[in-house]
Amino acid sequence: MAIHTENIIVEKTKASRINSVDFSNLNFGSVFSDHMFVCDYEDGKWQTPKIVPYQPITLEPSAKIFHYGQSIFEGMKAYKDEEGSVFLFRPMDNIKRMNISAKRLAMPEIPEAYFMDGLKELLKVEKDWIPSAKGSALYIRPFMFATGKGFHASPADSYKFIIACAPSGAYFSGKVKVLIEEHYSRSANGGVGFAKAGGNYAGQFYPTQLAKDKGYQQVIWTDDNTHEYIEEAGAMNIFVRINDTLLTVPTSDRILDGITRKSILAIAEAEGITTEVRKIKVSELIEASENGSLKELFGAGTAAVISPISGFGYKNKDYELPELENTYGELLKKRITDIQTNQTDDAFGWRVKV
Ligand code: PLP
Ligand code: COI
């Protein structure tokens, strides 16, 4: 089902809010650009897409999103280089993952052209909202939810797909201290952990609040069966450096297949860093911390980029990471952001000019 950009109805705002935004002091995801892309799924098909002013949405109280949680999303960024050219990073991977999530939540898949053409058109309209300062980008939030009404516990018959944008700075300020979870689970075998389903995040808030009350910013989830193996953090995949080897855990139906994760693995290999993708026991982390072979821990994700972890807590004990110079985390962050922001050649073919 191909669409062409000339079919997208564009209704521009008469009062841009851009001059009220302090672009030199951006938080993550808290101010929104002037427009959003909207496309409704009704009568078994996607309707004419629109770009309209960012605005509230009216829904029936019986809309199934409120009752049965059919809600999925993606996270991407648009980057602007010094010449003002705009780039996306591996956008097809987000589109494919959105449709993997849609399938698992019994929601309609979005034709790739609706997504890609709509996004590119939106970015043209919102070009002035894309920050170019180092460490900032236009965070893009594509999401879809059930608008169809009824209390019957079954998939809705109508949905709304929206792409909204937020000029954003860093997700975390400074190093992150994490708590390795011993009791709660983020996901389970056969569940929806691999999908970017809204409910996966709702289920994390309470245990994460308990961790925050103890002084940690994030939880590292462990496998739901034994809680012996580390899996991922709330919004990031996890990397561990033991001596000179960079490790991360294999994805599974409990873990999000992160685009940053697989990019970091490819860049690390190209840099000559030994990588290993294998299960990592909490006891291995503790032993490596105690014998000095644990050199680095960091999280990787679109919002978080690469966020160094300063220490972790487990069973009421804290473990500190060493303060190193020239870390893998810093090197890999520079390499990936240089590719994303067009500061270097893109040997992997990941950058897409808008
Ligand atoms: N894991 C979870 C649970 C996430 O929410 C995210 C963020 O999108 C990631 C990992 C990292 O994925 P990506 O690198 O594709 O942004
Ligand atoms: C992203 O990194 O894009 C995410 O979706 C994480 C989000 C939960 C803030």
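- In the nomenclature of an unreviewed UniProt entry, the protein chain corresponds to Branched-chain-amino-acid aminotransferase from the organism Winogradskyella echinorum.
- Quoted verbatim from the Cofactor (unreviewed entry) field of UniProt, the annotation for the protein chain is "pyridoxal 5'-phosphate".
- Under Sequence similarities (unreviewed entry), UniProt gives the following word-for-word description of the protein chain: "Belongs to the class-IV pyridoxal-phosphate-dependent aminotransferase family."

1. Topic: the overall build of the protein chain
For step 1, the next point in the chain: What the protein chain contains, in helices and strands, is seven helices and 19 strands.
For step 2, the next point in the chain: Taking 354 residues into account, the globule formula puts the C-alpha radius of gyration at 20 Å, and the protein chain, at 21 Å, falls close to it.
For step 3, the next point in the chain: Counting only C-alpha atoms, the protein chain reaches 60 × 55 × 35 Å along its principal axes.
For step 4, the next point in the chain: Looking at the protein chain residue by residue over its 354 residues, the buried ones come to 41%.

2. Thoughts on the confidence of the model for the protein chain
For step 1, the next point in the chain: Predicted confidence across the protein chain gives a mean pLDDT of 96, with 98% of residues reaching 70 or more.
For step 2, the next point in the chain: For this predicted complex, the interface confidence score (ipTM) comes to 0.99, while the overall pTM stands at 0.96.

3. Quick notes on the nonpolar core
When a protein is soluble and globular, its nonpolar side chains tend to lie buried together.
For step 1, the next point in the chain: If you look at the biggest cluster of nonpolar residues, it comprises 84 residues, and the most contacted ones within it are A78, V178 and I220.
For step 2, the next point in the chain: With seven residues, strand β8 (residues 137-146) is the single largest residue contributor to this core.
For step 3, the next point in the chain: Beyond its immediate stretch of four places on either side in the chain, A78 contacts V86, F87, L88, L123, I130, A137, L138, I140 and V354.

4. Brief notes about helix α3 (residues 112-125)
Note on helix geometry: an α-helix contains 3.6 residues per turn, so any two residues three or four positions apart are oriented the same way.
For step 1, the next point in the chain: The first and last C-alpha atoms of α3 sit 20 Å apart over 14 residues, in line with the 20 Å expected at 1.5 Å per residue.
For step 2, the next point in the chain: Listed as buried for α3 are Y114, F115, D117, G118, L119, E121, L122 and L123.

5. Some thoughts on the pairing of strand β4 (residues 50-53)
For step 1, the next point in the chain: With two bridges joining them, strand β1 (residues 9-10) and β4 adopt parallel strand pairing. In the sheet register, V10 faces β4, and the bridge partner there is I51.

Analysis parameters
- Residues numbered from 1 in each chain as written.
- Chains lettered and ligands numbered in written order.
- Predicted model: local features only at pLDDT ≥ 70, side-chain atom pairs only at ≥ 80, totals over all residues.
- UniProt positions renumbered as here; feature names shortened; annotations may be inferred.
- Helix = DSSP H or I, 4+ residues; strand = E, 2+ residues; numbered from the N terminus.
- Rg over C-alpha atoms; globule rule 2.2 N^0.38 Å.
- Buried ≥ 20, exposed ≤ 12 C-beta atoms within 10 Å, placed from the backbone.
- pLDDT = per-residue confidence, 0-100.
- Core = buried A, V, L, I, M, F, W, Y, C linked by C-beta atoms within 7 Å.
- Contact = placed C-beta atoms within 7 Å.
- Expected span 1.5 Å × (residues − 1).
- Pairing = 2+ DSSP bridges.

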